[in-house]
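Close look at the chain arrangement
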Number of protein chains: 2
Amino acid sequence: MSRSHATRQRLQRVALELFTERGFDNVTVEEIANTAGVSHMTFFRNFPSKESVVLDDPYDPLVGAAVAAQDGRSPALERVRRGVLGAFAQLDEPEDEMVRQKIRLAAGHPGLRARVWENNLRTEETIVTALTDSGTPHLEASVAAGAVLGALTAALFDWATNDDGGNLGERITRALDLLAAGHRLVGT
Amino acid sequence: MSRSHATRQRLQRVALELFTERGFDNVTVEEIANTAGVSHMTFFRNFPSKESVVLDDPYDPLVGAAVAAQDGRSPALERVRRGVLGAFAQLDEPEDEMVRQKIRLAAGHPGLRARVWENNLRTEETIVTALTDSGTPHLEASVAAGAVLGALTAALFDWATNDDGGNLGERITRALDLLAAGHRLVGT
DNA sequence: CTCGGGAATGTTAGTGACTAACATTCGCAG
DNA sequence: CTGCGAATGTTAGTCACTAACATTCCCGAG
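Residues numbered from 1 in each chain as written. Chains lettered and ligands numbered in written order. Predicted model: local features only at pLDDT ≥ 70, side-chain atom pairs only at ≥ 80, totals over all residues.

Examining the interface of chain A and chain B
- Across the boundary between the two partners, chain A contributes 40 residues, which contact 40 residues of chain B.
- At the level of elements, helix H6 (76–89), helix H8 (110–133), helix H9 (138–161) and helix H10 (168–182) of chain A are the ones that each hand at least two residues to the side of chain A that touches chain B.
- With 16 residues, H9(A) is the single largest residue contributor to the side of chain A that touches chain B.
- Tallied by class, residues from the side of chain A that touches chain B come to 22 nonpolar, 10 polar and 8 charged. (Contact = placed C-beta atoms within 7 Å. Helix = DSSP H or I, 4+ residues; strand = E, 2+ residues; numbered from the N terminus. Nonpolar A, V, L, I, M, F, W, Y, C, P; charged D, E, K, R; others polar.)

Concerning the protein's contact with DNA strand C
- Not every one of the 17 residues close to DNA strand C is listed here, only the nearest: A:Thr7, A:Val38, A:Thr42, B:Ser49 and B:Lys50.
- Listing elements by their share of the surface near DNA strand C, those giving two or more residues are helix H1 (2–22) and helix H3 (40–46) of chain A together with helix H2 (29–35) and helix H3 (40–46) of chain B. (Near = placed C-beta within 6 Å.)

Digging into the confidence of the model for chain A
- Counting all residues, the mean pLDDT for chain A is 87, and 92% of those residues have values of 70 or more.
- The spread of mean pLDDT over the elements of chain A runs between helix H5 (residues 60–68) of chain A, the lowest at 83, and helix H2 (residues 29–35) of chain A, the highest at 97. (pLDDT = per-residue confidence, 0-100.)

Quick word on the environment of B:Arg13
All names here are of chain B.
- For Arg 13, the location among the structural elements is in helix H1 (residues 2–22).
- In this structure Arg 13 comes out as partly exposed when scored by C-beta crowding, with 14 C-beta atoms within 10 Å.
- For the pair Arg 13 and Ala 68, spaced 55 residues apart in sequence, the C-alpha separation works out to 34 Å. (Buried ≥ 20, exposed ≤ 12 C-beta atoms within 10 Å, placed from the backbone.)

Considerations on the protein's contact with DNA strand D
- In the neighbourhood of DNA strand D, 18 residues make up the surrounding shell, with A:Ser49, A:Lys50, B:Val38, B:Ser39 and B:Thr42 lying closest.
- When contributions to the surface near DNA strand D are tallied by element, the ones reaching two or more residues are H2 and H3 of chain A together with H1 and H3 of chain B.
- Residue composition of the surface near DNA strand D, by class: 6 nonpolar, 6 polar and 6 charged.

As structure tokens, then:
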């Protein structure tokens, strides 16, 4: 398990370096594996796809749990919003630079950018389940989850693209505040 | 141009049939092409990828224009919401059954479902541009676009999955009303 | 130390999406 | 009919990804 874990880390580090240097499409899995001193099979035993090296995100699942923990009497959209904020608030920022690099890679490549949703879908389902379990109608739950994750993802890409030096947590907080504020003015 | 157009239609029809019958992953491009009486090269000259047969959606770009046409004094989120509603309202439902089939296919396949976002990204960019052009800050524009498209996509998948016989336009209207209503109760 | 077994890795030989280069056929205007 | 351009076909690739099987590595029991 330990030897394997080291190999995985090495593959990921090498892959992100090469992708950043030469672009995702101009690096083959063969190259990544060779540079890391293993065969392409070892690569695929550690990552289900080339894209997953950039996209795998262990934080997402936490969000579902955080939403489920919210007070069931708040409106669905607000519970999702608070859950997402809560989940990110309780994260320290360990490999902040790696996260930044991954988001930047994903933001700059249409295919990767699209695949980000493959992660979000799991989270979305978890959230929807948490909401429907407490009586929220399915469509309302879907809309709430979709809207918040849509806003969150847009904020992440915005952060990766226009980096103003601020940290990620702040940006997310600001984005979701905008979402909450956006409709208080309805009817103006 | 006419011979080509007929071929494209035939390829799409055949492909959707085969996908529905046997599942997206169990149909090769070769088969689609042969069944349609052409070579696989002709397939790729008509569609940039196997996935695009299911995903190409000529309606999306309209949304960007509709948002740009909204009154610039409303809040960003509300302008996006009204723009999207407006764009769908002015659609007749021509190939409704084909749209339904495509959304169902996409909803039932993780890879396709993720790629749906490749379409949304173009739309999202158009919307963001329309908003920033009228002075909205970039993050606010991104969040508004992301939230509405996230909600819209969730509603489409919900419609495809739990078909209650209602039509698509109604479902979208209901979803976006929920989004607007969701935050009126903030602070309850 | 050494030997056995299971985990980690390698080799080989595929399948299938997608592309480039070049050859062919088709439809239509002159 | 003829010739030109668009549409299509052939061929021969590259690359992501997989299955089956062979090999090596680590580690603890004897």
